[in-house]
Amino acid sequence: KYSFVAKYELKHQWIAGLFLKRIGTIFVRRWDTSGSIKDTADILQAAEHGERIISFPEGTLTRMPGLLGFHLGAFAVAAQLAIPVQTLTIRGTRSILRCGQWFPHRGSISLHIGKVLVADGEDFDAALRLRDLARGEILQNCHEPDLAHERMIFDENPQV
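Quick caveat, the model's predicted, so the values are computed rather than measured.

With that settled, consider the overall build of the protein. Along the backbone of the protein there are 5 helices and 7 strands. Ordered by position from N to C terminus, the α and β elements of the protein give β-α-β-α-β-β-α-β-α-β-α-β. In summary, the protein has a C-alpha radius of gyration of 15 Å against a globular reference of 15 Å for 160 residues, a match within 12%. The principal-axis extents of the C-alpha atoms in the protein amount to approximately 40 × 35 × 30 Å. For the protein, the proportion of its 160 residues judged to be buried stands at 34%. Residue pairs in contact within the protein that sit at least 24 positions apart in sequence constitute 59% of those at least 6 positions apart. Put simply, the protein shows about 10,300 Å² of open surface, and 57% of that area lies on carbon and sulfur atoms. Between the centroid of the 19 positive side chains of the protein and the centroid of its 18 negative side chains there is a distance of 9 Å.

In structure tokens, the structure reads:
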């Protein structure tokens, strides 16, 4: 069984939320510390029950080219449970599903299947190293600028 991880804001969208709930998505609160700790525990529980976690660690779509910093939750779970992380780099999605728009546009995407990574420990530092390794692998294959130190500003009711 696969479980997708998606930002909490999508849970209450009419079409996307309904679809994501029906496929058993785990919603995470990215900007609420206590909520995100509980949500990470939900991911941990799903992984302990044998579910394969599919996470998009950037956590957002932007029109601006570049790879943002990664959220830590899925990597913390992978390190704690010694679960291998399969890196995947998807290119071309910015022109198909544009930030703030509801309908996809025609276009092509490509998928690069990268290295399988395993944490070198179970602690917080191992999770950080795993996150950074995965991000480095994806950055190398996405052919976009490194925006790890950029801060995104979101309105209170983001659409995507």
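Before going further, it helps to spend a moment on the nonpolar core. Leu67, Phe70, Phe75, Val85 and Leu130 are the most contacted members of the largest nonpolar core, which totals 14 residues. Where this core is concerned, the elements lending two or more residues are helix H3 (73–81) and helix H5 (124–142). Ranked by residues supplied to this core, first place goes to H5 with 5 residues. The contacts of Phe75, once residues within four sequence positions are left out, are Pro57, Phe70, Val85, Ala127, Leu130, Arg131 and Ala134.

Position of Thr87 among the secondary structure elements: in strand S5 (residues 85–91). For Thr87, a relative accessible area of 3% corresponds to the buried category. At 2.9 Å, the side chain of Thr87 and the backbone oxygen of Lys115 are in polar contact. Look past the residues within four positions of Thr87 in its chain and what remains in contact with it is His112, Ile113, Gly114, Lys115, Leu117, Ala134, Glu137 and Ile138.

A few words on unusual backbone geometry. Residues other than glycine seldom take positive phi values, yet Ala82 does so here, at roughly 55°. Residue His143 is not a glycine yet carries a positive backbone phi of 60°. Following the sequence through the fold, His143 ends up in the loop between H5 and strand S7 (146–147). Residue class for His143 comes out exposed when judged on its relative accessible area of 62%.

Across the interface, helix H2 (residues 33–48) lies against H3 with an axial gap of 9 Å and an inter-helix angle of 40°. By the angle between their axes, H2 is oblique relative to H3. Relative to H3, H2 is oriented so that their crossing is right-handed. In contact with Thr40, Ile43, Leu44, Ala47 and Glu48 of H2, H3 contributes Gly73, Val77, Gln80 and Leu81. In the contact of H2 with H3, the residues fall into 5 nonpolar, 3 polar and 1 charged.

Calculation notes
Residues numbered from 1 in each chain as written. Predicted model: local features only at pLDDT ≥ 70, side-chain atom pairs only at ≥ 80, totals over all residues. Heavy atoms only, no water. Helix = DSSP H or I, 4+ residues; strand = E, 2+ residues; numbered from the N terminus. Rg over C-alpha atoms; globule rule 2.2 N^0.38 Å. Buried < 20%, exposed > 50% of the residue type's maximum accessible area, 1.4 Å probe, protein only. Contact = heavy atoms within 4.5 Å. Areas by Shrake-Rupley, 256 points an atom, 1.4 Å probe, with all protein chains shown as cover. Lys, Arg positive; Asp, Glu negative; His and termini not counted. Charge placed at Lys NZ, Arg CZ, Asp CG, Glu CD. Core = buried A, V, L, I, M, F, W, Y, C linked by side-chain atoms within 4.5 Å. Polar contact = N/O pair within 3.5 Å; in protein donor to acceptor, adjacent residues only side chain to side chain. Axes fitted to C-alpha atoms, helices over the stretch in contact; angles between N-to-C directions. Parallel < 35°, antiparallel > 145°, perpendicular 65-115°, else oblique. Left-handed = near helix turned anticlockwise from the far one by under 90°. Nonpolar A, V, L, I, M, F, W, Y, C, P; charged D, E, K, R; others polar.

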